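Chains, contacts and geometry: an overview
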Amino acid sequence: MTSASGNATGLEVVLSTLKNSHDVQSAVNILQILDELLSAGTGKRICYMISKGGSEALLHTLVNMTRISPPNYDVILPLMHLMVKVGQRDKKFGQKAQEIGTINETLSLLKHSLPHTKYVTPCLWVLKVYASSVATGAAMGKIGIPRLLLNLISPYTTRSTRAIRAATEGLSALLKSKWNSRRAVENGHIHRLLKLYQDWHQRDTQNKYIPIRKALLNCIKYITNIQTGKKAFLEADGMRVLLSTSRACGSNTDLHPVVKLATQIMRRCYPKSQLPVLTVRSCYSFALPNVADQQAPEHPGKSPQEGVAVKEDDEEQDDEDGIENEEPGCNEDDDDLETDLTRLRPNPEFDRPAEELKEYERLCPELVDYFEDLDAMSDDQSDSQDVASCSALFSAPGPHRCKKPRKWRKDLAEENSPKAHNPARSRRAHQTSPAPSDSGRESGSKNDCTPIQDSGPHPVAPSGGCTLNPTGQPVKDMHLKGSADSSKVRLHFQDLYNSKAQSVAGEECARSLDQSWPIGREHALQDTGSKLLEMRKEMIPFHDPYVYTHMAEKTKSATDYKTLAFPDYWGHVPPLYHEPLMGQWCGNQSDKIFEDIQRLVNPGDVLDRVVFDTESPSLVTSEADVSLKFYSNFESGNLRKAIQIRKYEYDLIMNADINTDLQHQWFYFEISSMKAGVPYRFNIINCEKTNSQFNYGMQPVMYSVHEALCGRACWARVGSDIYYYKNHYGRSGAAARGQKETSYYTLTFTITFLHSKDVCYLAYHYPYTYSTLMTHLHLLEELLNPDQVYFRHQILCSTLGGNNCPVITITASPGSQPEQLHQFWNRQYMVLTARVHPGESNASWVMKGTLEFLVSNDPIARSLRDSYIFKIIPMLNPDGVINGCHRCSLSGEDLNRQWSEPSPDLHPTIYHTKGLLSYMRSIDRTPLVYCDYHGHSRKKNVFMYGCSLKETLWQSGSSIDTATLNEDIGYRTIPKVLDKISPAFAINRCLFLVQKSREATARVVVWREIGVLRSYTMESTYCGCDQGKYNGLQIGTRELEEMGAKFCTGLLKLKKDALLCGKQLISQDTALLDFEHELQNVRYISHSDVSVDDEPPCPEEIDYYTDNCTEEDDDPIDLATELNASSEDELEVGKK
């Protein structure tokens, strides 16, 4: 302590002596000591000197030394050297200089030194340091310093370049002040700066003076921060100047900083415009029931976009103020963390009367009906046939799908849905068939599901789509309808149900199946269809085009689609190979952006021709038209408009979620009439998220009909030159719901198709439709042996759109002995849900893996069935999935924000799911685990969010003594197991925090109100993994399904008695069940990893080039080097 105090006192004495010194030699000696002291140490020494008044001492010394006439540069030069070194560390250096009066002294010294370049340069760098304070910079502008510095910047020269650089850097610092920028615009400086930049660019052929070119661009950048600056830039033809100079830079990596700055300026100055649509609202609407104050949805054509607001200079905020999270109410700060103990402690309570909960008894038949059937059975029950016939709960046993005609199970066909709170629910006028009435359900009448009858092999049509049967007649047969050109083949439902087909799907497609097949137009359909079907059966389990067609026919959509997408009809098989992540920032992004800017500079080069428009179905193209053909009016499809920009470039616009003007991310559409080997560029121009994994190696997925007919029926990752950046399309204040004006983002990618006139489908992620789910559940059930698996498919409720929301019960079938029945009765519940956000199709693939694993013969699956009863709601938002929404239901709301107070009319699936959970708690059967499957668009790997009282308090910095709080850390068990057994799972991404803004999500509500300790959201990446076995690979459906199975495996840790199955599990991974060193202290969490729910900001840093013009830290100035260089420059000039 004494030594430290002495050192501090010594430094203060030295600084005080320097401050009050008027003797040149004394000052020089002290400056030399300080320079050696600061040069020998780190930045901490400078900060320490600042804290002891070092900045003030140096500034006072400059005032004292400049009063000596003539100026003595032996002391002034080392003094300025220290001022620059210290001033770069002191954020208040400019303010201190203004208070002490050093600015005027420095300006006088600069003017006095103008004949001598060596003495001018340090003055200029000191002025730049002063200007680091915007307020000080504005004051410097009022005494004419910016004009003086501009006059020192000459056109290209090899003389005095160090002084020119210092002047340019100083001017750019001054122009950070909007006051100075306005004066620069008024004085016409933007035109002069553009001329200077163009001159230096053209004549600096050796790229020796890149810092000067960069500093000139910084001057232009700061001027264009204000609206009048942008206008002046455009009037001076700045876009053309920067575009031509940037393109001339080519791929020279040395010029990367220059191109980067120029691109930022051009994108910032690109005039904001509206999307080329009539309204940003969805082009579809849905009349909501029982909403008294609801206004009738406006027709898209009657609600034009509002003008994009232009802010006044005085009110303008830089749009580089930070990247906002796209989720409403999302807050990354610790202030969002809940710190109220009364809300952090689970407080189970019912949100409705106990009498109403009794209606959910029907969804737990395993607790009631099964035993009633057992009691009714004869005591003489010895053979398995009698056991099977005693209950209608099971389908026929057998390892293969039964070939005989069979009817829907009784409970599926006659299921009574919960009563609607208002039977007079309004329906769409254009809905083809109304949903079953409540009275019909109450009376036990069958719904409109007709029995599916197997009729032998099912021929399949190789087409781009299937049209729904408008007649509503029962399904009879399927057949192929085609032409010689596969791109014109479309499979219609009404054609599927007619008699035998008369032709095959074209010679070209037929031959593509097998070059050895002598298939022609006259070839019989049955042989081709049989071979196709046999091939499909071998490759695509749990998929049948005939069943899928039947399921899709019953699906009700707000878009009234009449077509099925071929991939959903035909099926998907994961490729045998892994698909690596794409390389990031391959160098062509600037070329893509320059092409966008070229549209403004040379508008005559743009075709701007609409080739597809959902709002103009009558749009017809000629036969001679060689442009691509687009289509999206099928289940889960989303493409609103396609505009041809250049011969092989198209702008695409996604449709907003129904009844909203937001949530643009999911896309799924058909493309045809392409040429093989030609690179096509696609720009999706109305993305909303501020960042995307497309910037980190993710690719969209594509399905080729041609490849499917060749036996390669799979979605594959495709695309090159993939970039995601902010564009010039602005969202009006109304569209942004009163928030700060925001911009849309562009996702651009290039695809080179392998086959001409193919039919291909592009999607954001692997599609998984509602009809696919219903097909999967039906076929899955047919494979089960009821003696082993208790599988019950029931209806939770009807959705707003009139579709059934399925709920599945899976457990092991009990024996007939009393002890076996008692064990069955006391099994704990596990509740799993998925797809509350329609665009998160990866969640459905994970759920598919979960379902298939739970009913499998795997020993772990058998053990889980013996121990638990699984209640699974695989699709919480069927309407959103069907209608191609990304995040919302038909009510236009995010269902995962409605769990606190769900409406039975507007949020029926959430209302009844919460009711089912509440019923379980009311009968003392609170689930052991609740997990909601989600997808994540801005992080890699798979991870979980949970709820923890202590971790939330620790992270929030609360003063509450957590040592006095008791908390079961069992919520960490499953994530720790998954981290050991699942290659895609990353425990370091898991968080267990409770946020105020997330109190209405499933995870928090089930934890708080239902009392489930292990309440999770499990997030699966759209992109890929950056750790473990799958490091560097994109995630596919195989890996997602594997994750679903691994999640089930992780649940085995919760089983109290693993027995033989547990031993087998240990043999697979000896470390799996060793949790003796359970984590006891987890309070040290990196702030950068703090998440706020299912869409936290992407943690990976990225430079969009176009997204913003954020302030960069200035390169540190080494004035000693600058002075030496200036001296050499002056000597060189003297020689010349």
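Residues numbered from 1 in each chain as written. Predicted model: local features only at pLDDT ≥ 70, side-chain atom pairs only at ≥ 80, totals over all residues. Heavy atoms only, no water.

Looking at the overall build of the chain
The number of helices and strands found in the chain is 42 helices and 21 strands. Sequence separation of 24 or more characterises 80% of the internal contacts of the chain that already satisfy a separation of 6 or more. Just so you have it, the chain exposes about 45,100 Å², and 49% of that area is on carbon and sulfur atoms. (Helix = DSSP H or I, 4+ residues; strand = E, 2+ residues; numbered from the N terminus. Contact = heavy atoms within 4.5 Å. Areas by Shrake-Rupley, 256 points an atom, 1.4 Å probe, with all protein chains shown as cover.)

Focus: the sheet that holds strand β21 (residues 1014-1021)
Taken together, 7 strands build an open sheet; the order of strands is β15-β16-β18-β17-β19-β21-β20 and the sheet is mixed. Either end of the sheet is taken by a strand with one partner, and the two such strands are β15 (789-798) and β20 (942-945). Across the sheet, the mean angle separating the axes of adjacent strands is 20 degrees when strand polarity is ignored. Pairing geometry for strand β16 (residues 804-812) and strand β18 (residues 868-873), over 3 bridges, is antiparallel. Residue pairing in the sheet places isoleucine 810 in a bridge with phenylalanine 870 of β18. Contacts from helix α34 (residues 859-867) reach β15, β16, β17 (828-834) and β18 within the one sheet, and its direction differs from that of β18 by about 95 degrees. Helix α38 (residues 973-981) rests against β19 (929-936), β20 and β21 of the sheet, and its axis sits at about 30 degrees to β21. (Pairing = 2+ DSSP bridges. Axes fitted to C-alpha atoms, helices over the stretch in contact; angles between N-to-C directions.)

With respect to the sheet that holds strand β6 (residues 641-646)
Pairing is mixed across the open sheet formed by 6 strands, whose spatial order is β4-β6-β7-β9-β13-β12. Taken across any chain shown, the strands that pair with only one partner, and hence form the sheet edges, are β4 (609-613) and β12 (720-731). Across the sheet, the mean angle from the axis of one strand to that of its neighbour is 25 degrees, orientation sign disregarded. Bridge count for β6 against strand β7 (residues 649-653) is 5 bridges, and the pairing is antiparallel. When the sheet's bridge partners are listed, lysine 641 is paired in β7 with isoleucine 653. Each of β6, β7, β9 (679-687), β12 and β13 (742-752) touches helix α29 (residues 589-601); the most contacted strand, β12, lies at about 35 degrees to it.

Let's talk about the packing of aromatic side chains
Within this structure, the stated rule accounts for 33 aromatic pairs. Geometrically, the ring pair formed by phenylalanine 630 and phenylalanine 682 is edge-to-face, given 6.5 Å between the ring centres and 85 degrees between the ring planes. Here phenylalanine 630 is found in strand β5 (residues 629-631), whereas its partner phenylalanine 682 is found in strand β9, with 52 residues between them in sequence. Neither phenylalanine 630 nor phenylalanine 682 differs from the other in exposure class; each is buried. (Phe/Tyr/Trp six-rings, centres within 6.5 Å; stacked < 30°, edge-to-face > 60°. Buried < 20%, exposed > 50% of the residue type's maximum accessible area, 1.4 Å probe, protein only.)

Notes on the pattern of salt bridges
Pairing between side chains of opposite charge can happen when the charged atoms of each approach one another. Within the structure shown, the criterion is met by 31 salt bridges. One salt bridge connects glutamate 366 with lysine 871, and the closest N-O pair in it is separated by 3.3 Å. Of the two residues, glutamate 366 is situated in the loop between α19 (354-357) and α20 (369-376) and lysine 871 in strand β18; the sequence distance between them amounts to 505 residues. With relative accessibility at 0%, the residue glutamate 366 sits in the buried group. Judged by its relative accessible area of 1%, lysine 871 is buried. Where arginine 646 meets glutamate 649, a salt bridge forms, and the shortest distance between an N and an O atom there is 2.5 Å. (Salt bridge = Lys/Arg side-chain N within 4 Å of Asp/Glu carboxyl O.)

Re unusual backbone geometry
Residue proline 70 is reached from serine 69 by a cis peptide bond, and omega for that bond is -5 degrees. Of note, aspartate 608 is a non-glycine position whose phi angle comes to about 50 degrees, a positive value. Positionally, aspartate 608 belongs in the loop between α29 and β4. Of note in this structure, glutamine 663 is not a glycine but carries a positive phi near 70 degrees. Take glutamine 663: it is sitting in the loop between β7 and β8 (668-672). Classification of glutamine 663 by relative accessible area gives buried; the value is 15%.

Looking at the nonpolar core
With 122 residues, the main nonpolar core has Phe630, Phe682 and Phe1047 as its most contacted residues. No other element matches the 7 residues that helix α33 (residues 841-854) contributes to this core. When residues no more than four places from it in sequence are discounted, the contact partners of phenylalanine 630 are Val611, Phe612, Leu639, Ala642, Tyr650, Leu652, Phe669, Glu670, Ile671 and Phe682. Leu31, Ile153, Leu193 and Tyr725 belong to the second-largest nonpolar core, a separate cluster that totals 97 residues. (Core = buried A, V, L, I, M, F, W, Y, C linked by side-chain atoms within 4.5 Å.)

Focus: helix α7 (residues 102-113)
Relative to the 16 Å expected for 12 residues at 1.5 Å per residue, α7 spans 16 Å between its end C-alpha atoms, a close match to the ideal helical length. Within α7 the residues assigned to the buried category are Thr102, Ile103, Thr106, Leu107, Leu109, Leu110 and Ser113. Projected onto a plane normal to the axis of α7, the buried residues spread over an arc of 160 degrees and lie on a single side. In this fold, the buried residues of α7 make contact with α4 (54-66), α5 (73-87), α6 (93-100), α8 (117-130), α9 (134-142) and α10 (145-152). (Expected span 1.5 Å × (residues − 1). Arc of directions from axis to C-beta.)

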